[in-house]
2 protein chains.
Amino acid sequence: MSAVTRIPPQSGVAFRIRAGQILRIYDPLGEQVADLFAFKDDDHACSLSSGRSIDYASKIYLSTGDILYANDSRPMFRILEDQVGRHDFLLTPCSQEMFEILYHHHGHHPSCFENLYRALGEFGIRPEQIGTTFNVFMNVEVGPDGAVAVKAPKSKPGDFIDLRAEMDMVCGLTSCSAENSNNGRFKPIDYAILPGA
Amino acid sequence: MSAVTRIPPQSGVAFRIRAGQILRIYDPLGEQVADLFAFKDDDHACSLSSGRSIDYASKIYLSTGDILYANDSRPMFRILEDQVGRHDFLLTPCSQEMFEILYHHHGHHPSCFENLYRALGEFGIRPEQIGTTFNVFMNVEVGPDGAVAVKAPKSKPGDFIDLRAEMDMVCGLTSCSAENSNNGRFKPIDYAILPGA
């Protein structure tokens, strides 16, 4: 039994994972988003690419069996199991600027972007290297006219997704800080690194 | 009258544009895609962000009046006029790896990614700095289940889009090299840099 680590509400962590290990991300209380980004451990120029992953999957909603690709088209993660089936790969992590531009927020607001770049900074990663995240449990609907709507996550308490690492990586992972993405309540996210098959 | 430059089929260019100038991109023969990427001229860490642009517009199809944002949430381009109304901002530029993974192509295939990194390399930009492009005239439909389908462009001969530069930038622009994106025929793209208002 591997240890489960809790990411408190509106915070983030960074950690290494080895090829073959499985990153299990739990939504312990339900309706909570977790933003994930990743870099090749020994080459930070190689990082997660939404555009390549969507292109190669020919769909915007990735789930069991699908691969998350790097910007150089190498597989980074394979989704082994997915108890929710709805995650977002279109939107950047919430940021101070997002809260100001979209919601006209005044003053500092906790954000996934800040939480990611602070945690990943410990590994020498700069903010501008963090691109569009795989937003685990985030429920973004795209209308026939292309309108994007953020809905309550479909995740129920205890649901998880298993992502097998296809290379050695440094990962950043958050408990999302955006009111609108988490049905108005900030909750923790749990994760574990499992040894794999 | 500003000079119009032709980008031959399956090739690409890079150029500087100043804040306030207008980048006009023409589809001279119709049904031809042009991939666009951009960096702040004096700070290449600042580059075009599909994820931020889609988030702030709350839609995947950007057109007249919409803003293309950088990864640090600063405006890079504003769409002043758009005679086509359908462009893609989900997919990475076509690449050697894309032709191999999606189409099982053998041997070298011209690609927007190669054409962009060769042209932008003259400005000191590395391939991994090129993210999801704004794929002008590319017609990507997203089904209700999230399936992505590449259709023939809606652009007719002579149609154009005007993008006003909101900062000094280095841009890469291509005539797209993917059979499937251009209704099976590789055509040129024309562009001009207009002085602005």
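As the structure is a computational prediction, the values presented were derived from the model and not from experiment.

Caption draft 1: Spatial organisation of the relation of the copies chain A and chain B. Screw-axis analysis of chain A against chain B gives a translation of 0.0 Å along the axis, an RMSD of 0.0 Å, and a rotation angle of 180°. Such a combination of rotation and displacement between the chain copies is what one expects of a two-fold axis. Mapped onto chain B, 100% of the interface residues of chain A again fall at the interface, so both copies present the same surface.

Caption draft 2: Expanded view of the UniProt feature "domain: DUF1989" (unreviewed entry) in chain A. Taking the UniProt record as the reference, the feature "domain: DUF1989" (unreviewed entry) is found at residues 6-170 of chain A. Between the first and last C-alpha atoms of residues 6-170 of chain A the distance is 18 Å; the span itself is 16% helix and 35% strand.

Caption draft 3: Quick peek at the sheet that holds strand β11 (residues 159-165) of chain A. Residue and element names in this part refer to chain A. Taken together, 6 strands build an open sheet; the order of strands is β1-β13-β3-β11-β7-β6 and the sheet is antiparallel. Bordering the open sheet on either side are β1 (5-7) and β6 (67-69), each of which pairs with just one other strand. Ignoring which end each strand starts from, the neighbouring axes of this sheet average 25° apart. Relative to strand β7 (residues 75-82), β6 runs antiparallel, the two sharing 3 bridges. In the sheet register, Tyr 69 faces β7, and the bridge partner there is Pro 75.

Caption draft 4: Looking closely at the pattern of salt bridges. Residue and element names in this part refer to chain A. Taken as a whole and judged by the stated rule, the model has 26 salt bridges over all chains. Across the pair Arg 74 and Asp 72 runs a salt bridge whose closest N-O atoms are separated by 2.7 Å. Judged by its relative accessible area of 35%, Arg 74 falls in the partly exposed class.

Caption draft 5: The arrangement of the environment of Gln21(B) in detail. Residues and elements named next belong to chain B. Relative to the elements of secondary structure, Gln 21 occurs in the loop between β2 (12-17) and β3 (22-27). With 78 residues separating them in the primary sequence, Gln 21 and Phe 99 have C-alpha atoms 35 Å apart. Ignoring sequence-local partners within four residues, the contact set of Gln 21 consists of Leu 163, Arg 164, Ala 165, Ile 193, Leu 194 and Pro 195. A polar side-chain atom of Gln 21 sits 2.8 Å from the main-chain amide nitrogen of Arg 18.

Caption draft 6: Region of interest: the interface of chain A and chain B. Each partner contributes to the interface: chain A provides 32 residues, whereas chain B provides 32 residues. Overall, the association of chain A and chain B removes approximately 2700 Å² of surface from exposure, summing both partners, and the carbon and sulfur fraction of that is 59%. For the pair chain A and chain B, the number of links is 0 salt bridges. If you look at where chain A meets chain B, you find 12 residue pairs in polar contact (both at pLDDT 80 or more). Elements represented by at least two residues in the side of chain A that touches chain B include exactly α1 (50-57) and α2 (96-103) of chain A. It is α1(A) that provides the largest number of residues to the side of chain A that touches chain B, a total of 5 residues. Partitioned by chemical class, the residues of the side of chain A that touches chain B number 16 nonpolar, 9 polar and 7 charged.

Caption draft 7: Structural view of the nonpolar core. Grouped together as the largest cluster of nonpolar side chains are 116 residues, with contacts concentrated most on Phe134(A) and Phe134(B). Look past the residues within four positions of Phe134(A) in its chain and what remains in contact with it is Ala34(A), Asp35(A), Leu36(A), Leu48(A), Leu62(A), Leu68(A), Ile79(A), His87(A), Asp88(A), Phe89(A), Ile161(A) and Leu163(A).

Caption draft 8: The pairing of strand β2 (residues 12-17) of chain A, seen in detail. Residue and element names in this part refer to chain A. Along β2, the buried face is formed by Val 13, Phe 15 and Ile 17; none of Gly 12, Ala 14 and Arg 16, which line the opposite face, is buried. Relative to strand β12 (residues 169-174), β2 is paired through 6 bridges, and the arrangement is antiparallel. Considered in β12, the bridge of Val 13 is made with Leu 173.

Procedures and definitions
- Counting starts from 1 at the beginning of each chain's written sequence and moves along it residue by residue.
- Think of it this way: whatever chain is written first is A, whatever ligand is written first is 1, and the rest follow in order.
- Two thresholds apply to this predicted model, a pLDDT of at least 70 for residue-level local features and 80 or more for giving and counting side-chain atom pairs, whereas whole-chain, interface and lining totals are computed over all residues.
- For the side-chain quantities, the full set of heavy atoms in the structure was used; hydrogens and water were omitted.
- Residues below a pLDDT of 70 in either copy are left out; the C-alpha atoms of the rest, at least 70 in both, set the least-squares superposition of the copies.
- Whether two residues are in contact is decided by their heavy atoms: any pair within 4.5 Å suffices.
- UniProt positions are given in the numbering used here, feature names are shortened, and annotations may be inferred rather than shown by experiment.
- Secondary structure follows DSSP: runs of H or I at least 4 residues long count as helices, runs of E at least 2 residues long count as strands, and numbering of each begins at the N terminus.
- Paired strands are those between which DSSP finds at least two bridges.
- In this description, a line fitted to the C-alpha atoms serves as the axis of each element, helices being fitted only across the stretch in contact, and the angle between N-to-C directions of two axes falls anywhere from 0 to 180 degrees.
- One speaks of a salt bridge when a side-chain nitrogen belonging to Lys or Arg is within 4 Å of a carboxyl oxygen belonging to Asp or Glu.
- Relative accessibility thresholds used throughout: buried, under 20% of the residue-type maximum; exposed, over 50%; partly exposed, between the two (1.4 Å probe, protein chains only).
- Under this definition, polar contacts are N or O atom pairs within 3.5 Å; protein pairs additionally need one hydrogen-donor-capable and one acceptor-capable atom, and for neighbouring residues in sequence, both atoms have to be side-chain atoms.
- Accessible area, probed at 1.4 Å, shrinks when two parts are joined; the buried area is that loss added up over both.
- Any residue outside Ala, Val, Leu, Ile, Met, Phe, Trp, Tyr, Cys, Pro, Asp, Glu, Lys and Arg is labelled polar, Gly included; the first ten of those are nonpolar and the last four are charged.
- We define a nonpolar core as any set of buried Ala, Val, Leu, Ile, Met, Phe, Trp, Tyr and Cys residues linked to one another through side-chain atoms lying within 4.5 Å.

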